[in-house]
Amino acid sequence: MSGVDWDAVYRSYAPLVEQATTRADLSDLIWEMQGELGTSHAYEMGGDHRKPPSVALGYLGADLRFDAGDASWEIVRIVRGDPWDASADSPLNAVGVEARVGERIVAVGGVPVSAELPPQALLVHQAGAKVQLTLKGVAGSDATLREATVTTLADEVPARYREWVEKKRAWVHEHSQGRVGYFHLPDMMAAGFAEFHRYFGAECEREALVVDVRYNRGGHVSQLLLEKVARRRIGYNHTRWGRPGSYPEDAAAGPVVALTNEHAGSDGDIFSHNFKQMKIGPLVGTRTWGGVVGIWPRHTLVDGTQTTQPEYAYWFSDVGWGIENYGTDPDIEVDNAPQDHVAGRDRQLETAVATALAKISPTAAPVRRDGPRPRLARPALPPRRRG
């Protein structure tokens, strides 16, 4: 309990219960009381709250802009997600729809749109439903109307996330002339584990690698990923009909740089810190969130409220308990300012790529993929003499 007199805390907060007039007041009171512990992950959630009405909005995975000229909504940008996964791509990209930037939405389900009635207003309670859109051709070139039936998204975050990752990866490849690989870890749970194995095998074949853990939501698989990122190839396995594969398998071919920020927390904190401590490579970005006291949510109160108590505290040989309530500092501090975002610039990623390129040694001899093959044939015997 970090020396906190919990009985005294209880006596201090208990009289305030009589002043709580709503269920939300009680939640606030529990949050304040648990805050006395001074640790991360001390939550209160659920319970007998009055639930607001559910509004299942259907999404188109696109950015729209009102065109006052004909009271339509112009498609300014269409999200490009996973073309093989309909739940992670804009439905406007679907076969048979194939909407174009510049086309305009003039009606949804036969109801005309307007400034006061945008397409989103007509997509309420339409999540995952088939909806008919009336589209008008690109302004100034084609005024014909066409009907297209789309299956809306219940959540467009997967599509926008995939587009974000692929744009970052393409930028890294372009600005490093293909020498640096890139992938992002959104968390240290199933999604992050899947993202790692989606990209690592291909990206680690480049001369250097950037591992982006910004906005990492935490979890519990950091040690599994760190041990793979820390691999160094020391040889190659040659197969008769295939390309040589590194030994250890899927090991980075060159220097590795990690990228983090203040939104990387929990197991994202742990990954960032131990990436430095294990001397895998430099850490670029800003100081992480600072919450590594873990929990095991399993206790409920009488009305179904769930509370989380600190149960796992992490100690490391270099900073002791020091990551909790502080985070870990990057080796190279770089922040993205608001004006960078407006300009579409990612200075943190720029620095990470520059650092990775600088660490590729021009003189270091790479591990050879091949070389003189073994010659196992017996030497030719001298001709036998006759007579």
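Residues numbered from 1 in each chain as written. Predicted model: local features only at pLDDT ≥ 70, side-chain atom pairs only at ≥ 80, totals over all residues. Heavy atoms only, no water.

A. Fine view of the overall build of the chain. Along the chain, the regular secondary structure elements total eight helices and 16 strands. When its C-alpha atoms are laid out on the principal axes, the chain stretches across 115 × 75 × 45 Å. Each of the 387 residues in the chain was classed as buried or not, and the buried ones make up 40%. Long-range contacts, defined as pairs at least 24 residues apart, comprise 69% of the intrachain contacts of the chain with a sequence gap of at least 6. Surface summary for the chain: the accessible area is close to 22500 Å², and the carbon and sulfur share equals 55%. Across the chain, the centroid of the 43 positively charged side chains sits 16 Å from that of the 50 negatively charged ones. (Helix = DSSP H or I, 4+ residues; strand = E, 2+ residues; numbered from the N terminus. Buried < 20%, exposed > 50% of the residue type's maximum accessible area, 1.4 Å probe, protein only. Contact = heavy atoms within 4.5 Å. Areas by Shrake-Rupley, 256 points an atom, 1.4 Å probe, with all protein chains shown as cover. Lys, Arg positive; Asp, Glu negative; His and termini not counted. Charge placed at Lys NZ, Arg CZ, Asp CG, Glu CD.)

B. Structural detail: the side chain of R233. When you line up the elements, R233 lands in the loop between α5 (222-229) and β10 (235-237). Of the polar contacts made by the side chain of R233, one reaches the side chain of Y236; its length is 2.8 Å. Here the side chain of R233 touches A251 through a polar contact of 2.6 Å, landing on its backbone oxygen. (Polar contact = N/O pair within 3.5 Å; in protein donor to acceptor, adjacent residues only side chain to side chain.)

C. Looking closely at the sheet that holds strand β12 (residues 256-260). With parallel pairing, five strands are arranged side by side in an open sheet as β8-β9-β12-β13-β16. Strands with a single pairing partner mark the edges of an open sheet, and in this sheet they are β8 (180-184) and β16 (332-333). Across five bridges, the pairing between β8 and strand β9 (residues 208-212) is parallel. Residue pairing across strands places Y182 opposite V210, the latter belonging to β9. Seen against the sheet, helix α6 (residues 267-277) touches β9, β12 and β13 (283-285) and runs at an angle of roughly 145° to β12. (Pairing = 2+ DSSP bridges. Axes fitted to C-alpha atoms, helices over the stretch in contact; angles between N-to-C directions.)

D. Molecular detail of the packing of aromatic side chains. Summed over all chains, the structure comprises eight aromatic pairs. Both rings, one in F183 and one in F196, keep their centres 5.3 Å apart while their planes meet at 85°; by these two values the pair is edge-to-face. Taken together, the residues F183 in strand β8 and F196 in helix α4 (residues 190-203) connect sequence positions 13 residues apart. Look at F183 and you get buried, because its relative accessible area is 0%. Seen in terms of ring centroids, Y314 and F316 are 6.2 Å apart; in terms of plane orientation they differ by 15°. Their pairing is stacked. According to the relative accessible area criterion, Y314 is partly exposed, its value standing at 38%. The ring of Y326 carries R287 above its face, with NZ or CZ at 4.1 Å from the centroid. Looking at R298, its charged tip hangs above the ring of W296, at a distance of 3.9 Å from the centre. (Phe/Tyr/Trp six-rings, centres within 6.5 Å; stacked < 30°, edge-to-face > 60°. Lys NZ or Arg CZ within 6 Å of the ring centre and 35° of its normal.)

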